[in-house]
Amino acid sequence: MTVNRPIPATTGCRETPVLKQRGQREVFCGLTGIIWLHRKMQDAFFLVIGSRTCAHLLQSAAGVMIFAEPRFGTAILEETDLAGMKDAQDELDSVVAKLLSRRPDIKQLFLVGSCPSEVIKLDLSRAAERMTQTYAPHVRVLNFSGSGIETTFTQGEDACLASMVPVLPKSEARELMLVGALPDVVEQQAVSLLEQMGIGRIRVLPAHRAADQFGVGPNTVFALLQPFLGDTHAALERRGARHIAAPFPFGEEGTTAWLAAIATEFGVSQDVFDRVTAAPRDRARRAVAQASEGLRGKSVFFFPDSQLEIPLARFLTRECGMTAIEVGAPYIHYNIVGPDLDLLAEGPTLSEGQDVDLQLDRCREARPDLTVCGLGLANPLEAEGLATKWAIELVFTPVHFYEQAGDLAGLFSRPLRRRGLLKLEAAE
Amino acid sequence: MKLTVWTYEGPPHVGAMRVATAMKGLHYVLHAPQGDTYADLLFTMIERRNHRPPVTYTTFQARDLGSDTAQLFQDACRDAYERFKPEAIIVGASCTAELIQDDPGGMAETMGLPVPVIALELPSYQRKENFGADETLFQIVRHLAKPVAKTDRITCNLIGPTALGYRHRDDIEELTGLLSDMGVDVNVCAPMGATPSDIARLGAAHFNVLMYPETGESTCRWMERDLGLPFTKTVPIGVGATRDFIAEVAALTGLSPKIDESRLRLPWYSASVDSTYLTGKRVFLFGDGTHVKAAARIARDEMGFEVVGLGCYNREMAREIRATAKEFGLTALITEDYLEVEAAIEALSPEMILGTQMERHIGKRLGIPCAVISAPVHVQDFPARYSPQMGFEGANVIFDTWVHPLVMGLEEHLLHMFREDFEFHDAAGASHHGGKATAAPAAVAEPVLAANSDTAAPQSGEVIWLSDAERELKKIPFFVRGKARRNTETFAQQKGLQEISVDTLYEAKAHYAR
């Protein structure tokens, strides 16, 4: 089947030269992903092997401190571990033994590497293997790195999911796998739309519980729910699975294109596709039209943060009538965001990586109507008179697929609407 | 290796950032990986600062480790100087950079920058945030402060207030006013608002006011020894402490300790009849040492509470807090383990917690009212209104803050009077805790029941509640029921009873009558 997708007037941004600068980066490390991953995987515990900084980041980055006994924690390295006075592997064994005896509900344990554990070359894969043997079959132990010297923000989720791929059982079944940790309600919407098209056997990585495991093999096809899953993509291909490339399901257009790519793969007829998508498509269009009223004709500038920047720039420019000035991303995976780049009209500066001071200079020079940036920059830019949208909210809030398309536009229009509402100027 | 769930303090370089961000004209070049830039948001979001902290991070990556991270540091240092033109630079390493041993201090010194460069050695794997702040201020002062002529008028320095401090902004204003009333001017307040050139003239003051020992004690001790500046030992939080502080300043300066107290309302508010219901409320205190020590005195002497437990998370203050606890006939809880604090609170089941934002969450879960008295800070701890902890207005603010989470006096009587009324059933809770009516998750009243209900009873071990007694217990209003249960059980245990009857309940009531 084919979908009538408007082709941009130009060739898109895939060939646009990318501005790469090397300087201070103002981004989170991959450990941040634990905040949402631990909510998603309900029988998993994330044990960071790191420093007090790691523990402090986890509690600060969440923005709110929940203070329940969470399913994540930090094994803080101490002077004795570093000076080799104690064997770090033995220490780790005893921390894990204590943890698992207190939390019998834990079925999956992730040992998460950090900057200090990487620098001292603490071998967590060896530890994970050893512990898997000790605690099998009750607990599965995996490891990945969320360190700031190797991962940026959402790459932590990528590293986590990639670590789960090699232990998936081998399967010959023709199955669709959706990859990425989305809020349950959104995940359900996607699964339901695909099921209505007659595509059965839909698996989601990560599964809610370790017991919900499924296989992977040459007959598996997978679609990514998030654009930052480069390593997971590669790991799945190594297992023989095939990627269904598509624009990401943000906004009406993105969702339709994403669903259409899967529908094509599974031979769904145009009639069925239209019947299933017509109503939510129409709702999404109306919702976006309404929520994006304040965005039309406005300009936007993206600081690099989550790797969602390119698909979101596509959504804002094509569905909300905005102009992109700069689209900064921490990394650009062309094989993943290529379809979004094709749809993004030429014009904006594409940048990868960051020198935050130089980028701030460009931003001040351009004076965009809306700047999408991290929490460290938002208030300072607001104080300079620039409206901002915190990028982290785009990762924490349900924004994918038709029913959230209006909410997504709303996230961007609210800061502008707010500026219009406040009447706080001093009397002349 | 130590398993940590939540932490009261960040790493020491965050303490250094609190000093750098509080100051003007100072820049901090921090050898650190990219993830450490999260610390900026503490200042821009929690404290709502309208500028970025004056910190340049080298943000080295794994691929730099093989090549030259030292060069990266020097480039960052040079660029930071060129862009920000600070009067002085502090340099240091975060936990990861400490491991690669690039020696930022040594490198920066050889660069020949035209401003003072101060190297910080903050051992990330041994010490924490408060130490980082204290040590950073000390190093800055040690490098920049020189003996200078004293001011003609009697002046002092305010030492210790930092960025991200608990009510530091307003404490400065309150103390400045209080000292001014006595005839003392402020020479320099540091680090908050000070430039490196202000630091250079610290010695012009006649004495130092040590506002927060956590962040200013090393500096005050050094200035006492090297610049001959005595410093005040009392932290003026609470009525008694403020009066002691005034007496201390008077003794140092020869000025009169008699100042206008007409703004001070705590003593009358505490004495007025509505406050009768505060009598003997069992409170648990936890926070940083300075605020806990002050709060313990206020709780006992100025509010008429009973302090049933206290402790602090910063080991630097352990000795003082142990001494305070001893004075109260208690054993201090010195720990940075949040779960341990929670367990202590659960075991003591106080009627109120005076703690940090962490204890506020413990209180929510256990259904115990909590007022916040100390850092670690939360966006709520930076109110728009003037809200100091120190001085006379600070005492007024503390009275209001502590009373607010409690069921009000008259309301308590009404609840008692109408306890059979359907609108005043247990789960109805106190009317000023609005969330209740809409079944908000964080309701205050309900968990009291959960914590002290039948399921909790076996905790007390061998003593068994007979069903009549259990029913009678339920007639007691929820906010005193926990105390009644505990008192009765203690009484029964003391008497060697195995069972609690209605009679035992009232025997105990008579025994504990006050």
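Residues numbered from 1 in each chain as written. Chains lettered and ligands numbered in written order. Predicted model: local features only at pLDDT ≥ 70, side-chain atom pairs only at ≥ 80, totals over all residues.

(A) Looking closely at the pairing of strand E6 (residues 155-159) of chain B. Residues and elements named next belong to chain B. Taking burial as the measure, the five residues of E6 include four buried ones, the bulk of the element. The pairing of E6 with strand E7 (residues 185-190) spans five bridges and is classified as parallel. Residue isoleucine 159 lies in a different strand from E7, and its bridge partner there is alanine 190. What joins E6 to E7 is helix H8 (residues 168-182), and the crossover it makes is right-handed. Direction of pairing for E6 relative to strand E8 (residues 207-210): parallel, over a ladder of four bridges. What sits directly across from asparagine 157, in E8, is asparagine 208. (Buried ≥ 20, exposed ≤ 12 C-beta atoms within 10 Å, placed from the backbone. Helix = DSSP H or I, 4+ residues; strand = E, 2+ residues; numbered from the N terminus. Pairing = 2+ DSSP bridges. Right-handed = clockwise from strand over helix to strand, strands pointing away.)

(B) Examining helix H11 (residues 270-291) of chain A more closely. Residues and elements named next belong to chain A. If you check H11, its first and last C-alpha atoms are 29 Å apart, about what 22 residues at 1.5 Å a residue would give, namely 32 Å. For H11, the principal kink sits at alanine 278 and spans about 45°; a proline, proline 280, occurs within the next four residues. Among the residues of H11, those classed as buried are Phe273, Val276, Thr277, Pro280, Ala284, Ala287, Val288 and Ala291. Those residues of H11 hidden inside the fold are in contact with helix H8 (184-196), helix H10 (251-265) and helix H17 (402-421). (Expected span 1.5 Å × (residues − 1). Bend = angle between axes of the 7 residues up to and from the residue. Contact = placed C-beta atoms within 7 Å.)

(C) Broad picture of the environment of threonine 4 of chain B. Looking at the secondary structure, you find threonine 4 of chain B in strand E1 (residues 2-4). Separated by 200 residues in the primary sequence, threonine 4 of chain B and alanine 204 of chain B have C-alpha atoms spaced 45 Å apart. Among all residues touching threonine 4 of chain B, those that are not within four sequence positions of it are Ala55, Gly73, Thr74 and Ile76 of chain A.

(D) Structural context of helix H13 (residues 334-343) of chain A. Among the residues of H13 of chain A, Ile336, Val337, Pro339, Asp340, Leu341 and Leu343 of chain A are the ones counted as buried. Against the buried residues of H13 of chain A lie strand E8 (220-224), helix H9 (230-238) and helix H12 (309-318) of chain A.

(E) The arrangement of the confidence of the model for chain B in detail. Residues and elements named next belong to chain B. Mean pLDDT over chain B: 89, with 89% of residues reaching 70 or higher. Note on residues 431-460: pLDDT under 50 across the span, and 44 contacts to partners over four residues away in sequence or across chains. Complex prediction metrics read pTM 0.90 and ipTM 0.93. (pLDDT = per-residue confidence, 0-100.)

(F) Local environment of the sheet that holds E7 of chain B. Residues and elements named next belong to chain B. Across the sheet, which stays open at both edges, the three strands sit in the order E7-E6-E8 with parallel pairing between neighbours. Unpaired on one side and paired on the other, E7 and E8 mark the two borders of the sheet. Sheet twist, expressed as the average angle between the axes of neighbouring strands with direction ignored, equals 25°. Across the sheet, helix H10 (residues 213-226) is in contact with E6 and E8; its angle to E8 comes to roughly 160°. (Axes fitted to C-alpha atoms, helices over the stretch in contact; angles between N-to-C directions.)

(G) Fine view of the environment of serine 351 of chain A. Residues and elements named next belong to chain A. With respect to the helices and strands, serine 351 occurs in strand E12 (residues 349-354). Sequence separation of serine 351 and valine 327 is 24 residues, and the distance between their C-alpha atoms is 6.2 Å. Once residues lying within four places of it in the same chain are set aside, the contact partners of serine 351 are Val18, Leu19, Glu326 and Gly328.

(H) Region of interest: the packing of helix H7 (residues 129-144) of chain B against H10 of chain B. All names here are of chain B. Contact geometry of H7 with H10 gives a least axis separation of 6 Å together with a crossing angle of 30°. On the basis of the axis angle, H7 is roughly parallel to H10. Along this stretch, H7 crosses H10, giving a crossing that reads as right-handed. Taking contact as the criterion, the partners of Asn130, Ala133, Asp134, Glu135, Leu137, Phe138, Val141 and Arg142 in H7 are, on H10, Glu214, Thr215, Gly216, Glu217, Ser218, Thr219, Trp222 and Met223. (Parallel < 35°, antiparallel > 145°, perpendicular 65-115°, else oblique. Left-handed = near helix turned anticlockwise from the far one by under 90°.)

(I) Layout of the pairing of strand E4 (residues 88-93) of chain B. All names here are of chain B. Most of E4 is tucked away: six of the six residues are buried. Residues of E4 alternate between two faces, with Ala88, Ile90 and Gly92 on one and Ile89, Val91 and Ala93 on the opposite face, all of them buried. Here strand E2 (residues 26-31) pairs with E4 via six bridges, running parallel. Opposite histidine 27, over in E4, you have isoleucine 89 as the bridge partner. Judged from the three bridges that link them, E4 and strand E5 (residues 117-119) form a sheet pairing that is parallel. The residue bridging valine 91 from the neighbouring strand is alanine 119, located in E5.

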